[in-house]
Amino acid sequence: MPRNLVGIDALTRDKILYLLDMAREFELRPNRKLLDGRIVATLFFEPSTRTRLSFETAANRLGAKVIGFTDPKVTSSTKGETLKDTILMVGNYADVIVMRHYLEGAALYASEVSPVPVINAGDGAHQHPTQTMLDLYTIRQTQGTLENLNICLVGDLRYGRTVHSLLMAMRHFNPTFHFVAPPSLAMPDEYKEYCREYGIHYEEHEEFSEAIIAQSDILYMTRVQRERFSDLMEYERVKDVYILRRDMLREAKTNMRILHPLPRVNEIHVDVDDDPHAYYFQQARNGIYARQAIICDVLGLTLEDIRHD
Amino acid sequence: MTNETRMVAAIENGTVIDHIPSEKLFAIVRLLRLEELGRHKVFIGYNLDSQLMGSKSIIKVSDRYFTDAELNQLSVVAPNVTLCIIRGYKVTEKKRVALPDTLRGIVRCNNPKCITNNEPMPTLFHHTTGSQVLRCHYCDKEQNISEVKLI
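From a predicted model like this one, the values you see are computed outputs, not experimental measurements.

A. Structural detail: the sheet that holds strand β5 (residues 90-96) of chain B. Residues and elements named next belong to chain B. In space, the five strands of this open sheet follow the order β2-β3-β1-β4-β5, with antiparallel pairing throughout. Two strands close off the open sheet at either side, each with one partner strand: β2 (42-50) and β5. Taken over all neighbouring pairs, the strand axes of this sheet differ in orientation by 20 degrees on average, direction set aside. With six bridges connecting them, strand β1 (residues 14-21) and strand β3 (residues 54-62) associate as antiparallel partners.

See below:
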């Protein structure tokens, strides 16, 4: 049975730390021919330019060749081909499949039928585990540890897949969360229940205040998207409330870093970009290292293989 | 045994499924694939009077014994049915059904964006003993057992 990465919840604490150690090796030296002669397929049933470029850069830096499609309109799925048939077909060609799909559970199903490893690059609103791995990598890189951190999540906590996965992955590391969101985009009950189940301390806030920022080690911003609102009056009311400006960072701790899964629209004012707390572009770069580690791991390469390369 | 239940022909050997809520009868016929049984004699009593339930239905299938896995599927739609195993016109065993830990290909996922609603594949649900919730193996969406829709 091939190794896969479908959901972040399947990773143990040890496995997470192991993958982060592996990613660290790639940060030190990204260009390695570990996958010379291998083929990575990137199947994007839904366009996602940043995620695709990140995976393709990771594969290229490992010396692998990349095949795939970037737009479902040009593939046979528009002719009615099933996902299973596409996966079995591409599984004949490639050594590993990286898949983005608009349907939830698509990655797990693909991993069940695929003859080669499958990496989930996002399946609808469900899971996006490589994003979580790069978030964890960035948190550890900037704080020196994942343990006992104060993490403030801001914006769309209801639909935001990245904040849900981050919350689940952090259960191993005794975090304190602050959830800052309007009531219409508040953290869903199932995730608050999850926090209680795993003893994760959290507080909820409607106001995005300097006092909360001042407590935080990580300030994780997300986009409040217009299309999430059925009531546009409500959108107009909250859209400017959850915007981070440089003057709100006066009391911030020196170790605090601002993260964002990108793309940013206006939720972080451009004047924050030059602030030493801003870290979202470095965070995106870490996606390469995290994905290099994940591609190597599903193909059976170990941390030792990489250290001795 | 009430007179009405007796009206449904007695069988020499086979399985009797009693105390079916009448509105669930045809769902159970589908779940057991009775139309595919071929030469087996099947007797169905529909809308019979029941002191316990008001209206009930009963199915008798001759010369066919179902596996526990087949019978446990019934618990999704009718958790309180009674099963009687008949040998030589006598009830040799009485059983209740229990919801299994996994349900494959029976229940539809109520998430329209779930892969199982968009790909020709069997659904799969997980159930924890004692809980009233089914969780989709693929998209993780949970639904209450009382609200399930069958495939």
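B. Fine view of the pairing of strand β3 (residues 96-101) of chain A. Residue and element names in this part refer to chain A. Counting buried positions along β3 gives six out of six residues, so the element sits mostly inside the fold. Because side chains alternate across β3, one face comprises the buried residues Val-96, Val-98 and Arg-100, and the other comprises Ile-97, Met-99 and His-101, equally buried. Pairing analysis gives five bridges linking strand β1 (residues 39-44) to β3, with the strands arranged parallel. When the sheet's bridge partners are listed, Phe-44 is paired in β3 with Arg-100. Bridging between β3 and strand β4 (residues 118-123) involves four bridges; their strand directions are parallel. Its bridge partner being in β4, Met-99 is matched across the sheet by Asn-120. Read from β3 through helix α4 (residues 106-113) to β4, the crossover connection turns out right-handed.

C. How the structure looks around the pattern of salt bridges. Residue and element names in this part refer to chain A. Inspection of the entire model under this criterion finds 25 salt bridges over all chains. For Arg-196, the salt bridge is made with Glu-193, and the minimal N-O distance between the two is 3.3 Å. With Arg-196 and Glu-193 both in helix α7 (residues 189-197) and three residues apart, this pair spans about one turn of that helix. A single salt-bridge network, built from bridges that share partners, covers Arg-3, Lys-15 and Asp-297.

D. Main features of the domain arrangement of chain A. All names here are of chain A. Taken domain by domain, chain A holds domain 1 (8-127 + 287-307) and domain 2 (130-284). Across the contact, 30 residues belong to domain 1 and 23 residues belong to domain 2. Where domain 1 abuts domain 2, roughly 2,100 Å² becomes buried across the two surfaces, and 58% of that area is made up of carbon and sulfur atoms. The largest contributions to the domain 1 side of the interface with domain 2 come from Ile-8, Arg-13 and Leu-20, which together make up 29% of the buried area.

E. How the structure looks around the interface of chain B and chain A. Contacts between the two partners involve 13 residues from chain B, matched on the other side by twelve residues from chain A. Surface buried jointly by chain B and chain A totals about 1,100 Å² across both partners, of which 54% is contributed by carbon and sulfur atoms. Summed over the three residues of chain B that lose the most area to chain A, namely B:Lys113, B:Ile115 and B:Tyr138, the buried surface amounts to 48% of that side. Here the side of chain B that touches chain A is composed, by residue class, of six nonpolar, three polar and four charged.

Quick notes on the rules
- Residues numbered from 1 in each chain as written.
- Chains lettered and ligands numbered in written order.
- Predicted model: local features only at pLDDT ≥ 70, side-chain atom pairs only at ≥ 80, totals over all residues.
- Heavy atoms only, no water.
- Pairing = 2+ DSSP bridges.
- Helix = DSSP H or I, 4+ residues; strand = E, 2+ residues; numbered from the N terminus.
- Axes fitted to C-alpha atoms, helices over the stretch in contact; angles between N-to-C directions.
- Buried < 20%, exposed > 50% of the residue type's maximum accessible area, 1.4 Å probe, protein only.
- Right-handed = clockwise from strand over helix to strand, strands pointing away.
- Salt bridge = Lys/Arg side-chain N within 4 Å of Asp/Glu carboxyl O.
- Domains from an automatic or database assignment.
- Contact = heavy atoms within 4.5 Å.
- Buried area = accessible area lost by both parts, 1.4 Å probe.
- Nonpolar A, V, L, I, M, F, W, Y, C, P; charged D, E, K, R; others polar.

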